[in-house]
Amino acid sequence: MPLLLGQDPAAIEQAAQRLAHGGLVGLPTETVYGLAADAENASAVRGIFAAKGRPADHPLIVHVGPDAPRTAIDAFAREVPAFAERLIAAFWPGPLTLILPRRADVAAVAAGGQDSVGLRCPAHPVAQAVLSAAAAHGVRGLAAPSANRFGRVSPTTAAHVAEEFADLGESELLILDGGACPVGIESTIIDCTRGHPVLLRPGVLTAAQLEAAAGEPLRARDGAAPRASGTLESHYAPRAKVRLMDARQLRAAFEVLGQDTKHIALYTRSAIDAARGTPHRRMPDNAVAAAQELFAVLRELDATGVRLIWVETPPDGPEWDGVRDRLGRAAA
Ligand code: TXA
Ligand code: MG
């Protein structure tokens, strides 16, 4: 089992030392838990790809500390367009990742061979404390994908991370427990390498908020956009098959089953009176609350051993874009 520690200063320092020596650390961010390594240590970063089973050409996000974000940005990015500067000013630290042109000589392995680099300054106090402590040991950035096996549901608690990497020993992975992640779905990703902002992955920030800050319309990604794990059609998948249905389809499907519901779990907005012992969770009416619990609910329903998880389609509003996106991929 991995080594599980809390968030006291001694634990933070132990994590920072591991990172400085090329080790792996599971740590909380405000979005999801990340599996972190020194972004500029190629063998440490290869350790992330190996632990996750993630293809080496899928780039990782580099996390930078809150102390001197300008220095950190300039350490990894070749140039920062004006609209990206405005996004940074508006949303950092926070759940926003910017893809920027990469300095040719840094973090090539973390960038998965792209000539760009994804940068994010997280708002979580534990992530920030680790970044600051690691910086004192000369670590300028932490490459950290979500701390789950490739294609699986992202972790929002330290226990989820320990579950995902139960086969790693205490010397191979240290996990800092900072409680449940407050945002619950991964950061919004905006590609800033094309002269205008391109949305690669929606998160909890709405398009309207992003456009207001950027001062430019947000474009949708096209075929030329770089490959991104979180943007693969099928991702975030529990073991059980996820199916998305509206309330009417759900009721009709449930009626057809009669008593034969033992292989099904439900995550619905409306009350389903036919629950009859079926594992069932109600989706909050509020998009922020739904995002916060989404991955934990999928894991919990999956753990009941059902074959199918039927999920009611979330509402249409723009504040639901991130949740709709993750459910769509979980169901693909
Ligand atoms: O909220 C988050 O972003 C979390 C926490 C831990 O910070 N991290 C996260 O990492 O979700 P990951 O690796 O699971 O997803 C990062 C996404 C991937 O889809 C990756 O391909 C994309 O960012 N990405 C990173 N660098 C990129 C680049 N240079 N070009 C295009 N996509 C990039
Ligand atoms: Mg991920």
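Residues numbered from 1 in each chain as written. Chains lettered and ligands numbered in written order. Predicted model: local features only at pLDDT ≥ 70, side-chain atom pairs only at ≥ 80, totals over all residues.

**A look at the sheet that holds strand S6 (residues 116-120)**
Whenever strands of a sheet pair, they do so through backbone hydrogen bonds, lying parallel or antiparallel.
Turning to step 1, where the next piece is worked out: Across the sheet, which stays open at both edges, the 11 strands sit in the order S1-S8-S2-S3-S7-S4-S6-S5-S9-S10-S11 with mixed pairing between neighbours. Unpaired on one side and paired on the other, strand S1 (3-5) and strand S11 (219-220) mark the two borders of the sheet.
Turning to step 2, where the next piece is worked out: Where strand S2 (residues 24-28) and strand S3 (residues 33-38) come together, four bridges link them in antiparallel fashion. When the sheet's bridge partners are listed, Leu27 is paired in S3 with Gly34.
Turning to step 3, where the next piece is worked out: Along the sheet, helix H4 (residues 82-91) makes contact with strand S5 (96-101) and strand S9 (188-191), crossing S5 at roughly 155 degrees. (Pairing = 2+ DSSP bridges. Helix = DSSP H or I, 4+ residues; strand = E, 2+ residues; numbered from the N terminus. Contact = placed C-beta atoms within 7 Å. Axes fitted to C-alpha atoms, helices over the stretch in contact; angles between N-to-C directions.)

**Some remarks on the sheet that holds strand S14 (residues 280-282)**
Turning to step 1, where the next piece is worked out: With parallel pairing, the four strands of this open sheet are ordered in space as S12-S15-S13-S14. Each edge of the open sheet carries a strand with a single partner, namely strand S12 (241-245) and S14. The sheet shows a mean angle of 15 degrees between the axes of neighbouring strands, direction not considered.
Turning to step 2, where the next piece is worked out: Across four bridges, strand S13 (residues 264-268) lies against strand S15 (residues 308-312) in parallel orientation. Across the sheet, residue Ala265 finds its bridge partner in S15, namely Ile309.

**Observations regarding the domain arrangement of the protein**
Turning to step 1, where the next piece is worked out: The assigned domain composition of the protein is domain 1 (3-231) and domain 2 (241-331).
Turning to step 2, where the next piece is worked out: Each of domain 1 and domain 2 has a C-alpha centre, and these two points are 29 Å apart.
Turning to step 3, where the next piece is worked out: Broken down by class, the residue content of the side of domain 1 that touches domain 2 amounts to eight nonpolar, seven polar and no charged. (Domains from an automatic or database assignment. Nonpolar A, V, L, I, M, F, W, Y, C, P; charged D, E, K, R; others polar.)

**Structural notes on the nonpolar core**
Turning to step 1, where the next piece is worked out: Val62, Val130, Leu142 and Ala143 are the most contacted members of the largest nonpolar core, which totals 102 residues.
Turning to step 2, where the next piece is worked out: Leaving out residues up to four positions away in the same chain, Val62 has contacts with Ala39, Phe76, Ala107, Ala110, Val117, Gly118, Leu119, Gly141, Leu142 and Ala143. (Core = buried A, V, L, I, M, F, W, Y, C linked by C-beta atoms within 7 Å. Buried ≥ 20, exposed ≤ 12 C-beta atoms within 10 Å, placed from the backbone.)

**Describing the packing of helix H1 (residues 9-20) against helix H5 (residues 125-135)**
Turning to step 1, where the next piece is worked out: The contact between H1 and H5 brings their axes to 8 Å, and the two run at 55 degrees. In terms of orientation, H1 and H5 fall into the oblique class. Note on packing geometry: the crossing formed by H1 with H5 is right-handed. Between H1 and H5, the residues in contact are Ile12, Glu13, Ala15, Ala16, Leu19 and Ala20 and Ala129, Val130, Ala133 and Ala134, respectively.
Turning to step 2, where the next piece is worked out: Among the residues making up the contact of H1 with H5, the classes are represented as nine nonpolar, no polar and one charged. (Parallel < 35°, antiparallel > 145°, perpendicular 65-115°, else oblique. Left-handed = near helix turned anticlockwise from the far one by under 90°.)

**Points about helix H2 (residues 42-52)**
Turning to step 1, where the next piece is worked out: Inspection of H2 places Ala44, Val45, Ile48, Phe49, Ala51 and Lys52 among the buried residues, and these make up the whole buried set.
Turning to step 2, where the next piece is worked out: On the buried face of H2, the contacting elements are S2, S3 and strand S7 (142-143).
Turning to step 3, where the next piece is worked out: Positive backbone phi, at 70 degrees, marks Gly53, one or two positions downstream of H2.

**Section: the pairing of S15**
Turning to step 1, where the next piece is worked out: Counting buried residues along S15, four of its five residues qualify, which places the element largely inside the surrounding structure.
Turning to step 2, where the next piece is worked out: Where S12 meets S15, five bridges bridge the pair, whose relative direction is parallel. Bridge pairing in S15 links Leu244 to Val311.

**Some points on the packing of H4 against helix H7 (residues 207-214)**
Turning to step 1, where the next piece is worked out: For the pair H4 and H7, interaxial distance at closest approach is 8 Å and the crossing angle is 120 degrees. Taken together, H4 and H7 sit at an angle that is classed as oblique. Viewed along their axes, H4 and H7 form a crossing whose handedness is right-handed. Between H4, through Phe83, Arg86, Leu87, Ala90 and Phe91, and H7, the contact on the second element is made entirely by Leu210, Ala213 and Ala214.
Turning to step 2, where the next piece is worked out: Class assignment of the residues belonging to the contact of H4 with H7 gives a composition of seven nonpolar, no polar and one charged.

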